[in-house]
Amino acid sequence: MTMVRMTTHTNGSSAPVTVTVTVIGLGAMGQALAGALLDAGHRTTVWNRSPRKGEELVARGAVRAGSAEEAVRASELVVVCVVDHEASQQILAPLTDALAGRVLVDLTSDTPDRARTSAAWADAHALDYLAGAIMVPVEVIGGPEALIFYAGSQSAYDRYEAVLKALGAGAPFLGPDHALAAAYDMAMLDFFYGSMAGLVHAFALARAENIPAAAIAPYLRTIVNILPPIVGGTAADIDAKAYNGVGANLAMMTAGVDHVLHASRSRGLDTSQLEAIKAVSDRAIAEGHGADSWASTVEALGG
């Protein structure tokens, strides 16, 4: 294979070290990861259960391995991105001998508990293991706005930080608990999906009043623009358990939720999300937080 250039990392010293990388899993995200590595000049081996995937990567210079074991043995750094940790374990569990002495980075999305299970397996086999969570769509991979969390082996992260940043400039290391990447992932997706559901419901309510989505969209950006300071302030309040409701207390805002709920019901819209929101805020008020800020509802959520 002919390469234009070979990207290097320093491994804690000034001496460059040649990097070879394998990507296991060539779904849309896996192909984006491999493509970013090729763009950065890394010598990249790829493997997928379905051999038909990855033709474009091979045309660009990637080496297609004939088996998962061959793919692992081809590189010092192995990146896995498949549907879930059950799938990654099905692939990796028979390969512990081949993985010995290599760094394994699992970018498969799953729950914190499953991430801990995979980490325990890696630890039992003395594997140098990083768990990761990709927080951006495929189009952003390899760019300055890409965010991928990493947790687990500090030494593995330090050694390959430059390589990992070829996948996305945002590559924070969260700590030695492998489950942290998945936990950050779940919390951020919780916010994202809740926000998307709220956005679509807002458009549905507008449509029920004969307002085109495109007509109200510019004004919804006003709400989006006030969120950044609200995020920081709410986080500080929750960590401090100090819920100052001056100017916007929970009882007042719950009345607003009730108005939206009634308007939605009157138009025959699904109100399950709004009912859930109001149920939590009502419970927080019953617990004595009516004069506090919306952040106080965290006390009614458990955990």
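Remember, it's a predicted structure, so these values are computed and weren't measured experimentally.

Student: Lay out the nonpolar core in plain terms, naming residues and giving numbers.
Tutor: Membership of the largest hydrophobic core comes to 34 residues, with the highest contact counts inside it found for Leu-33, Val-105, Leu-107, Ile-134, Ile-141 and Tyr-150. Secondary-structure elements contributing two or more residues to this core are strand S3 (20-24), helix H1 (28-39), strand S6 (77-80), strand S7 (103-106), strand S8 (128-134), strand S9 (148-152) and helix H7 (154-164). Top element by residues in this core is H1. It accounts for seven residues. If we skip the residues at most four places from it in the chain, Leu-107 touches Leu-33, Val-79, Val-80, Cys-81, Gly-132, Ala-133, Ile-134, Ile-148, Tyr-150 and Leu-167.

Student: Now, about the packing of aromatic side chains: what can you tell me, with residues and values included?
Tutor: Here the structure, examined in full by the defined rule, presents four aromatic pairs. Relative to Tyr-157, the ring of Tyr-150 lies with its centre 6.1 Å away and its plane at 50°, an arrangement referred to as tilted. Assessed through its relative accessible area of 0%, Tyr-150 is described here as buried. The buried category is assigned to Tyr-157, whose relative accessible area is 6%. Ring geometry for Tyr-157 against Phe-173: centres 5.1 Å apart, planes inclined by 35°, an arrangement best described as tilted. Linking Tyr-157 in helix H7 with Phe-173 in the loop between H7 and helix H8 (179-208), this pair joins segments that are 16 residues apart in sequence. Feature note: the residues Tyr-150, Tyr-157 and Phe-173 constitute an aromatic cluster, connected by ring pairs.

Student: Can you break down the packing of helix H10 (residues 250-266) against helix H11 (residues 272-289) residue by residue, with the values?
Tutor: Two numbers describe how H10 lies on H11: the axes approach to 10 Å, and their chain directions differ by 155°. Here H10 lies roughly antiparallel to H11, going by the angle between them. The two elements H10 and H11 cross, and the hand of that crossing is left-handed. Taken together, the residues of H11 that come into contact with H10 (itself represented by Leu-250, Ala-251, Thr-254, Val-257, Asp-258, Val-260, Leu-261, Ser-264 and Arg-265) are Leu-274, Glu-275, Ile-277, Lys-278, Ser-281, Asp-282, Ala-284, Ile-285 and His-289. Each residue belonging to the contact of H10 with H11 can be placed in one class, and the counts come to nine nonpolar, four polar and five charged.

Student: Lay out helix H6 (residues 112-124) in plain terms, naming residues and giving numbers.
Tutor: Taking 1.5 Å per residue, 13 residues should reach 18 Å; H6 reaches 18 Å between its end C-alpha atoms and fits that length. Taken together, the buried residues of H6 touch helix H4 (85-92), helix H5 (96-99), S7, S8 and H8. Phi turns positive, to about 55°, at Ala-126, one or two residues after H6.

Student: Describe the pattern of salt bridges, listing the residues and the values that go with them.
Tutor: Enumeration according to the criterion identifies 11 salt bridges in this entry. A salt bridge links Arg-116 to Asp-177; its shortest N-O distance comes to 3.9 Å. Here Arg-116 is found in helix H6, whereas its partner Asp-177 is found in the loop between H7 and H8, with 61 residues between them in sequence. For Asp-177, a relative accessible area of 32% corresponds to the partly exposed category. A cluster of three or more residues bridged by salt bridges with shared partners is formed by Asp-113, Arg-116 and Asp-177.

Student: How would you explain the sheet that holds S3 if you had to name every residue and give the values?
Tutor: Pairing is mixed across the open sheet formed by seven strands, whose spatial order is S5-S4-S3-S6-S7-S8-S9. Both edges of this open sheet fall to strand S5 (63-64) and S9, since each of them pairs with a single strand only. When S8 meets S9, the two strands line up antiparallel, connected through five bridges. Residue pairing in the sheet places Gly-132 in a bridge with Tyr-150 of S9. Those strands touched by H8 are S8 and S9, and its axis lies near 145° from that of S9.

Criteria and thresholds
Residues numbered from 1 in each chain as written. Predicted model: local features only at pLDDT ≥ 70, side-chain atom pairs only at ≥ 80, totals over all residues. Heavy atoms only, no water. Core = buried A, V, L, I, M, F, W, Y, C linked by side-chain atoms within 4.5 Å. Buried < 20%, exposed > 50% of the residue type's maximum accessible area, 1.4 Å probe, protein only. Helix = DSSP H or I, 4+ residues; strand = E, 2+ residues; numbered from the N terminus. Contact = heavy atoms within 4.5 Å. Phe/Tyr/Trp six-rings, centres within 6.5 Å; stacked < 30°, edge-to-face > 60°. Axes fitted to C-alpha atoms, helices over the stretch in contact; angles between N-to-C directions. Parallel < 35°, antiparallel > 145°, perpendicular 65-115°, else oblique. Left-handed = near helix turned anticlockwise from the far one by under 90°. Nonpolar A, V, L, I, M, F, W, Y, C, P; charged D, E, K, R; others polar. Expected span 1.5 Å × (residues − 1). Salt bridge = Lys/Arg side-chain N within 4 Å of Asp/Glu carboxyl O. Pairing = 2+ DSSP bridges.

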